[in-house]
Amino acid sequence: MTPAIAPVPDALMLQAASCQASRLVVGSGFNVDDWEDLRQDLFTDCLRRVPKFDPSRGTWEGFVRGVVRHHSIALSTRRNRRAAHEVLVAEDLGSDDMYRWDISGPSMPAGDNSAAALELSIDVRRVVAALPPDLRLLAVRLTEMTITEIATEDGRARARIYEGISKIRAAFIEAGITPAVSRRPGGAQ
């Protein structure tokens, strides 16, 4: 029996990428101007994964649709995390925020939220810059990717990622940057 040869790129890949790009633009907050880039990104991701197609596990159509769908979810998640991060940095850190940070130190002016946000931003950058290169890279990647995405991309167990996160947290705690209150909707903490 001859081994199965992975199919060559075809119209199905382009059609699936186009369809998912349209869904991302309509439902995930991407701009219409992003459509072509999204389609190309989805198509090239699928093209990159063609050698992993195994006909004994499913059909070519199912493989293409699954790969494109999963990558579109990853793109949407990254975009949403980036947007949430930008909102957190841009907002004043008032008492109604989900997370309020306690930065101990005499230079912290009471009641001046814009100054507090600026000082927090500077302190966060200082702590991240002082991390070892591997933890610094992990901290930056966590602003754009999930733990599972990082583990998959690096080929590491999630436990290793969590160990790195613990070290990053320890560096923030050592620098005096800790969450004072963690409020969730409904009053849960």
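Since the model is a prediction, treat every value here as computed from it, not as a measurement. All chains use their own residue numbering, which begins from 1 and follows the written sequence. In keeping with the model being predicted, local features are shown solely for residues with a pLDDT of at least 70 and side-chain atom pairs are shown and tallied solely at 80 or more, while totals for entire chains, interfaces and linings include all residues. Hydrogens are left out, water is left out, and the side-chain values use all remaining heavy atoms of the structure.

**Here's the deal with the overall build of the protein chain**
Looking only at helices and strands, one finds seven helices and two strands in the protein chain. The helix and strand labels rest on DSSP assignments: H or I over at least four residues marks a helix, E over at least two residues marks a strand, and numbering proceeds from the N terminus. Going from the N terminus to the C terminus, the protein chain shows its helices and strands as α-α-α-β-α-α-α-α-β. Throughout, exposure labels follow a simple rule: accessible area from a 1.4 Å probe, protein chains only, divided by the maximum for the residue type, with under 20% read as buried, over 50% as exposed, and the rest as partly exposed. Taken over 189 residues, the protein chain has a buried fraction of 31%. Nonlocal contacts in the protein chain, meaning residues at least 24 apart in sequence, comprise 60% of its contacts between residues at least 6 apart. To be clear on the numbers: accessible area is Shrake-Rupley with a 1.4 Å probe, and residue cover counts the displayed protein chains and nothing else. As displayed, the protein chain has an accessible area near 12400 Å², and 56% of this comes from carbon and sulfur atoms. Contacts are residue-level and defined by heavy atoms, with any inter-residue pair within 4.5 Å sufficient.

**Some remarks on the side chain of Thr-146**
Here Thr-146 lies in the loop between helix H5 (133–142) and helix H6 (147–154). Setting aside residues no more than four positions away along its own chain, Thr-146 makes contact with Thr-77 and Arg-81.

**A word on helix H7 (residues 158–174)**
Residues three or four positions apart in an α-helix share a direction because the helix packs 3.6 residues into each turn. Under the 1.5 Å per step criterion, the end-to-end length of H7 is 24 Å for 17 residues, consistent within 8% with the ideal 24 Å. Listed as buried for H7 are Ile-161, Gly-164, Ile-165, Ile-168 and Phe-172. Across the axial projection of H7, the buried residues extend over an arc of 100°, all falling on one side. Facing away from the buried side of H7, by more than 90 degrees, are the exposed residues Lys-167, Ile-173 and Glu-174. By this rule, a helix spans an expected 1.5 Å times one less than how many residues it contains. The arc in question is the one traced by the directions running from the helix axis out to the C-beta atoms.

**A short note on the pattern of salt bridges**
Salt-bridge detection follows one rule: a side-chain nitrogen of Lys or Arg within 4 Å of a carboxyl oxygen of Asp or Glu. If you walk through the whole model with that rule in mind, you get eight salt bridges. For Glu-153, the salt bridge is made with Arg-141, and the minimal N-O distance between the two is 2.9 Å. With Glu-153 in helix H6 and Arg-141 in helix H5, this residue pair connects regions lying twelve residues apart in the sequence. The salt bridge partner of Glu-163 is Arg-160, with a shortest N-O separation of 3.3 Å. Of the two residues, Glu-163 and Arg-160 are both situated in helix H7; the distance of three residues between them amounts to about one turn of the helix. Residues participating in the shared-partner salt-bridge network are Arg-141, Glu-153, Asp-154 and Arg-156.

**A closer look at the packing of aromatic side chains**
For any pair of aromatic rings, geometry is given as the distance between the ring centres together with the angle between the planes. Centre distance within 6.5 Å is the pairing criterion for rings of Phe, Tyr and Trp, where only the six-membered ring of Trp is used; planes under 30 degrees apart are then read as stacked, over 60 as edge-to-face, and the remainder as tilted. Scanning the model with the defined rule gives three aromatic pairs in all. Pairing Phe-53 with Trp-60 gives two aromatic rings, centres 5.3 Å apart and planes at 85°, and the pair type is edge-to-face. Owing to a relative accessible area of 13%, Phe-53 belongs among the buried residues under this scheme. Cluster of aromatic residues (ring-pair linked, three or more members): Phe-53, Trp-60 and Phe-63.

**What about the confidence of the model for the protein chain?**
Averaged over every residue, the pLDDT of the protein chain is 76; residues scoring 70 or more account for 71%. Strand E1 (residues 99–103) is the least confidently modelled element of the protein chain, averaging 40 in pLDDT, while helix H2 (residues 35–49) averages 91, the highest of any element. Note on residues 87–112: pLDDT is under 50 here. Beyond four places in sequence and across chains, it has 48 contacts. pLDDT measures the predictor's confidence residue by residue and takes values from 0 up to 100.

**Remarks on the side chain of Ser-18**
Along the chain, Ser-18 falls in helix H1 (residues 11–27). Apart from residues lying up to four places away in sequence, Ser-18 is in contact with Trp-35 and Arg-39.

**Notes on the environment of Ile-173**
Mapped onto the secondary structure, Ile-173 falls in helix H7. Remark: the alpha-carbon pair of Ile-173 and Val-127, spanning 46 residues in sequence, is separated by 9.9 Å.

**What about the layout of surface pockets?**
The method works on a 1 Å grid over the protein atoms by themselves. A cavity is a set of points holding a 1.4 Å probe that cannot get out, a pocket is an open set with protein on both sides within 12 Å along at least five of seven lines, and residues with an atom within 4 Å of a point line them. Grid points are joined across faces, edges and corners, and a volume is the space filled by probe spheres set on the points. Approximately 500 Å³ is the volume attributed to the second largest pocket. If you list the elements that add at least two residues to the lining of the second largest pocket, you get H2, helix H3 (60–90) and H6. Considering every element that reaches the lining of the second largest pocket, the biggest residue donor is H3, with seven residues. Each residue gets one of three labels, nonpolar for Ala, Val, Leu, Ile, Met, Phe, Trp, Tyr, Cys and Pro, charged for Asp, Glu, Lys and Arg, and polar for the others, Gly among them. Residues of the lining of the second largest pocket, tallied by class, amount to four nonpolar, five polar and six charged.

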